[in-house]
Amino acid sequence: MSEPQAKRKGVGRRRFLLTMLAGTGALVVCGAVRGGAEQLSRAEPSDIDGAFKPNAFITITPDNRVLFALTKAEMGQGVMTGMAMLVAEELEVAVDSIEVFFADSLPKYSAIDTHGTGGSASIVGGFVSLRQVAAAARTMLIAAAAQKWGVAASDLRAEQGRVVEAAGTRSAAYGELVDLARDQEVPQEPVIKQREDFAVIGKPVPRIDSRVKVTGTAEFGIDLRVANMTRAVMIHPPRPGETVISFDAAEAKGMAGVIDVVQTPRGVGVVAEKYWQAQRAAASVTVEWSTTVGDFSTEVLRAELEASKRANARVVRDDGDVDTAMSGTVIEAVYEAPFLAHAPMEPLNALAHVVDDTCEIWAGNQGPGLLQEAVARALDIKRTNVLVHTPYLGGSFGRRSHPDAVLEAAWLSKAVGRPVQVIWSRENDTRAGYYRPQCHTRMRAALVDGTVTAMTADAQSQSIMADLDMGALMPVAIPPRIRKWVMGNASRLIASNAVLADVLATEGISNHGYAVANQRVTYTPFATPFKCSWWRSVGHSFNGFIVESFIDELAHMAEEDPVAFRRGMLAERPRWLAVLNAVAEMSGWGKTELAEGTGRGVAVVEAFGSFAAQVVEARVEHGEIKVDRVFCALDCGIAVNPDLVAAQIEGSVIFGLTAALWGEITAQQGRVQQGNFDTYRMMRMHESPEIQIELLDGPHEPGGVGEPAVAPVAGALANAVYAAVGVRLRRMPLQRAYDEWSARQGTPKA
Amino acid sequence: MKLKVNGEDRDVDVPADVPLLWVLREELGLTGTKFGCGRALCGACTVHVDGAARRSCVVAVGDVAGQAITTIEGLGSDEKLHPLQAAWVEHNVPQCGYCQPGQLMMAAALVRKHPQPSDAQIDAVMSGSICRCGTYPRIRKAIHAVAGTPTGAPESGES
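As the structure is a prediction and not an experimental result, all values here were calculated from the model. Numbers given for residues are sequential positions, taken from 1 along each chain in its written order. Ligands are numbered from 1 and chains lettered from A, in the order in which they are written. With pLDDT at 70 or above as the cut-off, local features in this predicted model cover only qualifying residues; side-chain atom pairs require 80 or more to be listed or tallied, and sums for whole chains, interfaces and linings still use all residues. Values shown for side chains rest on all heavy atoms present in the structure; no hydrogens or waters enter the calculation.

1. Quick notes on the interface of chain B and chain A
Point 1. Every contact between the two is made by 52 residues of chain B and, on the other side, 59 residues of chain A.
Point 2. Here, a salt bridge means any side-chain nitrogen of Lys or Arg that lies within 4 Å of a carboxyl oxygen of Asp or Glu. Linking chain B to chain A there are ten salt bridges.
Point 3. Here a helix means four or more residues in a row that DSSP labels H or I, a strand means two or more in a row labelled E, and each is numbered from the N terminus. Every element with two or more residues in the side of chain B that touches chain A is listed here: α1 (20-27), α2 (72-75), α3 (83-90), α4 (100-113), α5 (119-126) and α6 (136-147) of chain B.
Point 4. For the side of chain B that touches chain A, the class distribution of residues is 26 nonpolar, 14 polar and twelve charged. Residues are treated as being in contact if the distance between any of their heavy atoms lies within 4.5 Å. Lys, Arg, Asp and Glu make up the charged group, whereas Ala, Val, Leu, Ile, Met, Phe, Trp, Tyr, Cys and Pro make up the nonpolar group; the residues left over, Gly among them, are polar.

This is the structure we're talking about:
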């Protein structure tokens, strides 16, 4: 299986999936084979004769190509460029000379990190380990040259893809050294650079995936094609949890191109030669559904949470003596946030090909191992018989860590005996669940002479952890018997383990930065027919809003400036203070006057190991909340690529504002009321604010970048609206909260 | 049915009411044009028909037979990028990149009509295209860079 790869191509045109149809050219199909370890595998771009492969990740060829196997999903966050920079830094090659390919779901790729993407953790996790991987290759190349020339390795150095003799004039390109390098000892502790020696890290290197993305040649999951493939449209249950009792597809089966109409555990799949044929046929299928979930309504849930006695509350944090300290002026406020869908621009899709007891998957995903596990279980085949190929992701924000569309494709492929690509409609995508949880949190605090002496948070939200597939998260090494037992008992285990369940629900609320001597945080989980999931910034996406709104209310109650009030409570928190001071300075807080009717709001959070402070300038015009400018100061430690960090902040602000202003998934009688972008509103060009950014350059190793700047924006916006018009909005989406406030005032929109 | 796509004559055998988007993607293999919403709400499927930006997900292929259809594959090439594509690269515009073919086709139609668009003209046209990654500030910069106009420039006077 070590046939030389097809001829060298530019970064984006590389054919990392062997069964793909490249352009309009011929199919290249290559049979699946068992590797030595009974692992389903296919030839990879790095299978090149004579290449030097010091590890699974790096390949150097005799003709000086450098290939890097990326084990992270490129979903827009720029990880492909960031990781290539880490490799380039230690390997001493140009970033744009590295050919990056997406690693398949093979065990060798889990050597330095999980082969999954999330938690803003890719650069954090790879900052040392991936540089060590590259440094090992560099060390072996230098050792090879030392052997070749009979000199000491210490007299040699690597630069620009060559090993160079410091004193003399000899040098050799890496490609000339591959044979000798292969025989060198793999260093156990490769020496990586100190910060002052960085030549690549910290530079605004251009994205290496831009070119393919502006020419339309980047291949997303939806663009992939294999021989003999079919397309499928899914008819999902109209209400979550419902199953098919019967269906009538007599008409559909007679329509052009239709191959079959198949019942699956997740609804009815209509399989046809072409998508448009499947789509037309699906419209003629009638399904009778079980009605198990009744009339779940998010409005009813709100009322239940408001009335709840929180009998199952778990104490997450309990400092000092809250009960005694909660006296004097006690302020109480309830904050709410709705369910949210992720709405990536590329609707969920998956291509699967089941042959006997093997399954090959092509799908954008945040964890190939999760898909392997889920598919293996669904088809009752071995996990190692599931091979996952990961293309570019057209957005994800957490959503593609769930295997639902992949399972559908696998079931349908098994049924029709051909590769099946399931493509969800936008409505499928919006309604299929795994939402950011709805939440209801009651905050209380005591103010004595302007000081917060006690604070409590009683949080209620659906547990994200309880809806996770614990079996899929377990390492491969866990024996099937134990795996099965854990899967069968996961919900009960989580219910009995407060720590596990509470981490995501109360992050940002149980570990905010404010000094309060007496504090208590409780968490009460609840269940609904919806499944919940991580959604960009996860618990911070609502807790940032809750904590920062409440602190603002306390500041106003104490008749103190919101920035000054925060400074007082963050005196012992230098990194928090630094971003707060920076954003106050850049936004002209307390210095420059804003136009009449425009207000400033501030918020500061720590999330994913980074510190983000924002000031939002907002106003209300004819009843519509308008955001004019957003300032953001971020301390993410070393910014590996400052321009891509800035891009993530810009995106996070717009993503966070979309949710803060308009985002909500609501259910009435079990049905999701949103479907497409007319009912699930996205921020557009004309609504997006001017965004100014300052990165604080600190001595710390990298923190997360993709999510932290989402967390403060809703709170900063709510605080700005209060400053602008004196209305405290405690419920997201804020525009709805404002509309309801207006209606109560009897002041119709102008 | 005869189509003229990116300057080439193409024959397709599909019913006249099939959306152009799926003809491009599945019959002609031009997958640069993206499916996002199916209802002309997001702009990911934008192509040019006789020079005008159209949402290919709601255009019946039969209605554009014989007209000049341009997709992202025809806007520029890897060897010779359209100035807007070059500006997109220069300003690190794409994140996930899924909406960008549609954004670029919208922007190309914009600068053809308004070679030096104001911010208001950019807003009016580009607000039809959703980017979930939030690349709008960079799209605006890239368009201004190509047009040679500063952000905040007054109306050019064209309509």
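2. Examining the side chain of S413(A)
Point 1. Examined against the element boundaries, S413(A) turns out to sit in helix α10 (residues 404-416).
Point 2. Not counting chain neighbours up to four residues away, the residues in contact with S413(A) comprise A352(A), H353(A), V354(A), R418(A), P419(A) and V420(A).

3. Topic: the environment of D697(A)
Residues and elements named next belong to chain A.
Point 1. Within the secondary structure, D697 sits in the loop between β28 (690-695) and α19 (713-725).
Point 2. The cut-offs for exposure are 20% and 50% of the maximum accessible area for each residue type, with area from a 1.4 Å probe on protein chains only; residues under the lower value are buried, those over the upper are exposed, and the others partly exposed. In this structure D697 comes out as exposed when scored by relative accessible area, which is 68%.
Point 3. Along the primary structure D697 and M229 are separated by 468 residues, whereas in three dimensions their C-alpha atoms are 51 Å apart.
Point 4. Pairing of N or O atoms within 3.5 Å defines a polar contact, subject to two protein rules: one partner must be a possible hydrogen donor and the other a possible acceptor, and residues neighboring in sequence count only if both atoms are side-chain atoms. Separated by 3.1 Å, the side chains of D697 and R195 make a polar contact.

4. Overview of the sheet that holds strand β6 (residues 156-159) of chain A
Residue and element names in this part refer to chain A.
Point 1. In this analysis, strands are considered paired if DSSP registers two or more bridges between them. The strand order β6-β7-β8 describes an open sheet built from three strands, whose pairing is antiparallel. This sheet does not close on itself; its edge strands, each paired only once, are β6 and β8 (171-173). Shown here is a sheet whose adjacent strand axes are inclined to one another by a mean of 20°, direction ignored.
Point 2. With respect to the sheet, helix α2 (residues 122-149) is in contact with β6, β7 (162-165) and β8, its orientation differing from that of β6 by roughly 130°. Axis angles are defined between N-to-C directions and span 0 to 180 degrees, where every axis is a line fitted to C-alpha atoms and, for a helix, only to the segment in contact.

5. Overview of the sheet that holds strand β15 (residues 329-337) of chain A
Residues and elements named next belong to chain A.
Point 1. Spatial ordering of the open sheet is given by β14-β22-β21-β20-β15, a layout of five strands whose pairing is mixed. The sheet terminates laterally at β14 (314-319) and β15, the two strands that pair on one side only. Across the sheet, the axes of successive neighbouring strands diverge by a mean angle of 10°, strand direction being ignored.
Point 2. Relative to strand β20 (residues 439-448), β15 runs antiparallel, the two being bridged by nine bridges. Bridged to V330 within β20 is A446.

6. Describing the domain arrangement of chain B
All names here are of chain B.
Point 1. Per the annotation, domain bounds derive from an automatic or database assignment of domains. The domain architecture assigned to chain B consists of domain 1 (2-75) and domain 2 (83-147).
Point 2. Here domain 1 and domain 2 have C-alpha centroids that lie 20 Å from each other.
Point 3. Facing the 17 residues of domain 1 at the interface are 13 residues of domain 2.
Point 4. Of the roughly 1,300 Å² buried where domain 1 meets domain 2, counting both sides, 62% is carbon and sulfur surface. Accessible surface is computed with a 1.4 Å probe, and the buried area is the amount of it that two parts give up when combined, taken over both parts together.

7. Notes on α2(A)
Residue and element names in this part refer to chain A.
Point 1. Each helix should span, by expectation, one fewer than its residue count multiplied by 1.5 Å. If you check α2, its first and last C-alpha atoms are 39 Å apart, about what 28 residues at 1.5 Å a residue would give, namely 40 Å.
Point 2. To get the bend at a residue, fit one axis to the 7 residues ending there and another to the 7 starting there, then take the angle between the axes. When the local axis directions of α2 are compared, the greatest deviation, roughly 40°, occurs at V128.
Point 3. Among the 28 residues of α2, 20 are classified as buried, and the element is accordingly described as predominantly covered.
Point 4. In the segment just after α2, G150 is the residue with positive phi, at about 65°.

8. Re the domain arrangement of chain A
Residue and element names in this part refer to chain A.
Point 1. When cut into domains, chain A gives domain 1 (50-214), domain 2 (221-289 + 348-423) and domain 3 (300-338 + 436-745).
Point 2. Taking the mean C-alpha position of each, domain 1 and domain 2 sit 38 Å from one another.
Point 3. Between domain 1 and domain 2, the residue contacts involve 16 residues of the former and 15 residues of the latter.
Point 4. Carbon and sulfur atoms make up 57% of the area that domain 1 and domain 2 hide from each other, which totals about 1,100 Å².
Point 5. It is M75, F102 and S105 that lose the most area in domain 1 upon contact with domain 2, and together they represent 45% of the buried surface on that side.
Point 6. Between the two partners, domain 1 and domain 2, sit zero salt bridges.
Point 7. One can count five residue pairs in polar contact (both at pLDDT 80 or more) joining domain 1 with domain 2.
Point 8. A per-class count over the side of domain 1 that touches domain 2 returns seven nonpolar, five polar and four charged.

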